[in-house]
Structures are given as structure tokens and as C-alpha cells.
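Remarks on the overall topology
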Amino acid sequence: IGRTHLPELAIFPFTESASWGLTRNPWSARHTCGGSSGGSAAAVAAGLAPLALASDGGGSIRIPAACCGLFGLKPQRGRVSLAPAAEHWYGLSVLGAVTRSVLDSALFLDAVADAAPGAPFVDAARGEPGKLRVAFSLKAPTRVRMAGASVRALRETADLLRSLGHDVVEHDPDYGEIRHLFGPRWTRGIYDDSRELVADPRQLERRTRQMAGVGRLYPRAAVAQARRGEAALVARLKPTFDKFDVLLCPGLSGPAVEAGRWEGMSALRTFLGVANWAANTATWNITGQPAAAVPAGFTADGLPLSVQIVGRPNAESTLIALAAQLEQERKWTEQRPEP
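Since the structure is predicted, the reported quantities are computational estimates derived from the model, not experimental observations.

For the rest of this paragraph, the subject is empty space enclosed by the protein. Inspection of the entire model under this criterion finds three cavities of 30 Å³ or more. Within this model, the largest cavity holds a volume of roughly 120 Å³. Taken together, the elements giving at least two residues each to the lining of the largest cavity come down to helix 2 (62-68) and strand 12 (304-311). At five residues, the largest contribution of residues to the lining of the largest cavity is made by strand 12. For the lining of the largest cavity, the class distribution of residues is nine nonpolar, six polar and one charged. Counted as a void, the second largest cavity has a volume near 40 Å³. Forming the boundary of the second largest cavity are P7, E8, F12, F14, E16, E205, R207 and T208. The residue makeup of the lining of the second largest cavity, split by class, is three nonpolar, one polar and four charged.

This part covers the pattern of salt bridges. Per the stated rule, a full pass over the model turns up 17 salt bridges. With a closest N to O distance of 4.0 Å, R207 and E205 form a salt bridge. Under the relative-accessibility criterion, R207 is labelled buried at 7%. We note a salt bridge from K238 to D242, for which the minimum N-O separation is 2.8 Å.

What follows is about helix 6 (residues 179-196). The end-to-end C-alpha separation of helix 6 is 25 Å, in line with the 26 Å expected for 18 residues at 1.5 Å each. The buried count for helix 6 comes to 14 of 18 residues, which makes it a mostly enclosed element.

This brings us to helix 7 (residues 206-216). The complete set of buried residues in helix 7 reads R207, T208, M211, A212 and G215. Seen along its axis, helix 7 keeps its buried residues to an arc of 145 degrees; they face one direction. Of the surrounding elements, those touching the buried residues of helix 7 are helix 6 and helix 10 (267-277).

A few words on the nonpolar core. Soluble, globular proteins show a tendency: their nonpolar side chains are buried together. Formed by 53 residues in total, the largest nonpolar core has its most connected members in L70, V98, W186, I190, L247 and W284. Apart from residues no more than four positions distant in its own chain, V98 is found in contact with S40, A41, V44, P50, L51, A52, A54, I61, A65, L70 and F71. Among the nonpolar cores identified, the runner-up in size contains 37 residues, and F121, V134, L160 and L248 belong to it.

We now examine the packing of helix 8 (residues 220-228) against helix 9 (residues 230-243). With their axes 4 Å apart at the nearest point, helix 8 and helix 9 run at an angle of 20 degrees to one another. As far as their axial angle goes, helix 9 and helix 8 are roughly parallel. Here A226, R227 and R228 of helix 8 lie close against helix 9, whose contacting residues are E230, A231 and A232. Across the contact of helix 8 with helix 9, the residue classes break down as three nonpolar, no polar and three charged.

With that settled, consider the environment of R312. Mapped onto the elements, R312 comes out in the loop between strand 12 and helix 12 (316-330). Sequence separation between R312 and G69 is 243 residues, and the spatial gap between their C-alpha atoms is 24 Å. If sequence neighbours within four positions are ignored, R312 has contacts with R133, F241, D242, F244, D245, Q289 and P290.

By the definition in use, this model includes eight aromatic pairs. Ring geometry for F12 against F14: centres 5.3 Å apart, planes inclined by 5 degrees, an arrangement best described as stacked. Looking at F14, the relative accessible area reads 1%, which means it is buried. Judged by centre distance (6.3 Å) and plane angle (40 degrees), the rings of W262 and W277 are tilted. Of this pair, W262 sits in the loop between strand 10 (246-249) and helix 10 while W277 sits in helix 10, placing them 15 residues apart in sequence. Three or more aromatic residues link up through ring pairs in this structure, and these residues are F12, F14, W262 and W277. Cation over ring: R261 sits above W262, and NZ or CZ is 5.7 Å from the ring centre.

This part takes up the pairing of strand 8 (residues 133-136). Residues in a regular strand point their side chains to alternate faces of the sheet. Across four bridges, the pairing between strand 8 and strand 9 (residues 167-170) is parallel. Residue A135 lies in a different strand from strand 9, and its bridge partner there is V169. Note that the unit made of strand 8, helix 5 (residues 148-163) and strand 9 has a crossover that is right-handed. Note that strand 8 and strand 10 share three bridges and pair parallel. Following the sheet pairing, V134 is matched in strand 10 by V246.

In this structure, the largest pocket occupies an estimated 1200 Å³ of space. If you trace the largest pocket, you find 39 residues lining it, with L6, A10, L53, S55 and L95 closest to the centre. Secondary structure elements with two or more residues in the lining of the largest pocket: helix 1 (38-45), strand 5 (51-56), strand 7 (94-99) and helix 6. For the lining of the largest pocket, the element with the highest residue contribution is strand 5, accounting for six residues. When grouped by side-chain class, the residues that make up the lining of the largest pocket number 20 nonpolar, 12 polar and seven charged.

Cut-offs applied
Residues numbered from 1 in each chain as written. Predicted model: local features only at pLDDT ≥ 70, side-chain atom pairs only at ≥ 80, totals over all residues. Heavy atoms only, no water. 1 Å grid on protein atoms, 1.4 Å probe; cavity = no way out; pocket = protein on both sides within 12 Å on 5 of 7 lines; lining within 4 Å. Points joined across faces, edges and corners; volume = space filled by probe spheres on them. Helix = DSSP H or I, 4+ residues; strand = E, 2+ residues; numbered from the N terminus. Nonpolar A, V, L, I, M, F, W, Y, C, P; charged D, E, K, R; others polar. Salt bridge = Lys/Arg side-chain N within 4 Å of Asp/Glu carboxyl O. Buried < 20%, exposed > 50% of the residue type's maximum accessible area, 1.4 Å probe, protein only. Expected span 1.5 Å × (residues − 1). Arc of directions from axis to C-beta. Contact = heavy atoms within 4.5 Å. Core = buried A, V, L, I, M, F, W, Y, C linked by side-chain atoms within 4.5 Å. Axes fitted to C-alpha atoms, helices over the stretch in contact; angles between N-to-C directions. Parallel < 35°, antiparallel > 145°, perpendicular 65-115°, else oblique. Phe/Tyr/Trp six-rings, centres within 6.5 Å; stacked < 30°, edge-to-face > 60°. Lys NZ or Arg CZ within 6 Å of the ring centre and 35° of its normal. Pairing = 2+ DSSP bridges. Right-handed = clockwise from strand over helix to strand, strands pointing away.

Here it is, written out as C-alpha cells:
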């Protein structure tokens, strides 16, 4: 149908730029549609298309899906080709889609996946997940204050899963410190993109140039060290995924923020703000395993709420089947924003 808007170099979890303005949330024009694939999510939520291509290097599928009341699956790293690039942001980024229904995401993956294991993903969307062991956690890797509505959405989802026959147990994963594992790969990737994708980096916004400047300070050795640290994070999380099939946890610490909240701010102030809001999405870009944003009702003001479900490596089918079961109960595809 067309191209959709995103923040410069897909850096931030809101879709705003000095050149192209603000892309707003179809549920509330006062609020952000999220990012970086915010234009994709806004288009699907507004009914322009049944699905839209999206990418996720730190939450950029799941965050706009959460803001716009959509299903957003970040596939397993390597599931969808990034050709002609071998990788992006040093292994953090994956391609996927934002959709209204879980089945549409499954159909998309079946069409584009390079190495889909077992049965087609559409079979998972049309089938039953079976009885799953679900870890329920309100904890994020960094200390954040969760909005009451988001806590309620998580607890109600846990209760719903119990009513559907799943074994739901409160359990906090051992995240440890993850910022040194994400920051070098992310910011060095931004610096690379500013040099490789932009004819004249001086045309970029001030804070985009500042972010690229931070990335320039990381030598290749620091990026390599961050990549080596990925294995230690996977090892810390292994006991959780040995014991449980799925982790139910926060993605965002609250619903969509006001559009333009960080407009004109420096890179540092913007980063500190969004890091507190997007509390627990980047973890799963580091590990590479699948994670999804799943609609979970609305605030009293009518803003979409969402929860995050995380699967074992290569277990997209489990997340798809579980999300489809939640969709049958919550009927979110029948709920549309006012035109």
C-alpha cells in the first residue's frame, strides 16, 4: 500500500521526527503510536491494512503493537532473512509484522520465514497450546515503576491463563545487569547506519547525531565483548526456561505516553525517559528468543493495554498458539478505534 513513518534510523520507541512530524495513535491522537515501527502499527490499527512489515532491534515490533492494541511477535533471531544484510545492529534486529489477529502473523511468518521448524505457524494459530507452565513476573531488568493499569493487565492475564487450565506460577527471572550487553551493540549500530544509510549525517536531528556520537566511542572490541556476554545472560535465564514454557512479564511500564513527550530533548534525556517506559523489551533482542506483545484490555481513558509473553528459543509456535487462545477469550480483533 505504501511506506510508513518511523523515527530517524529506527532509534526510539516513538514515531516522531523534525522532518515528518508526529505519527499519532489511532486510539487517541494525543498519544504516541510507539516505535520504531509506529507508522506500521498506526496503519493496521486504523484499518488501512491487515498487517504491516515491522522490525525489532530493542522492542520496535512489540512497543507499537502494545500502544495500538495489536499483536506483535518478535520472531526468533534468524527466522526472517535480513538480506542483503547478514545482520543488523550486531545481531539485535529481526524482521516481523504487526497485525490485528494472531492468525495474520502466523500466515506472514509462514510466507517469509527462512527456517520454520515443524508444522506451519498457521497450524499453531488454529490449534490449541495444550497445558503450559507459565512463569508470571512483574519484574523488569532495571528498576522501574509500573503503572497500576499495566500491573492490573498482567495480573488479569495471569488469572485468565489459570482459568484456561495453564499452570501459572509467580517467578522472577535472574536478569542480572543487561545494559552493557545492549548499549554497545545498539549505539554502534546507530553510528554505522548514520554513515552507511545517510548521504550527509549533518541532515540528521541533533539527538540522532548525539546517539551516533555515543556509538562512535565504542570500538569494535567493546561490541565484541558485549556479544560474548550474551551467553552469560542466556545461562542466567536458562533455569526459568528449563522450568517454564512461557514467561508472562511486562513489556512497557505503562500505556502509550503523550505524543511529543520527548520532543526537542537531548539524546541523554530522551534515552533515560524511554528506558524507564520500555522496561523489558531489549532483553529478548540480546538473547534472540521470540517474544510477543499481546493485547490486554484498555485503561479507563480508552488506551490499549498489553502484556509480553516470551518463549523458549525457536518456540514461536508456542507463543502463537497461546496468543490465539487469549484472542479467542478477549476478542480484541472486534475492537476498533473511532474513525
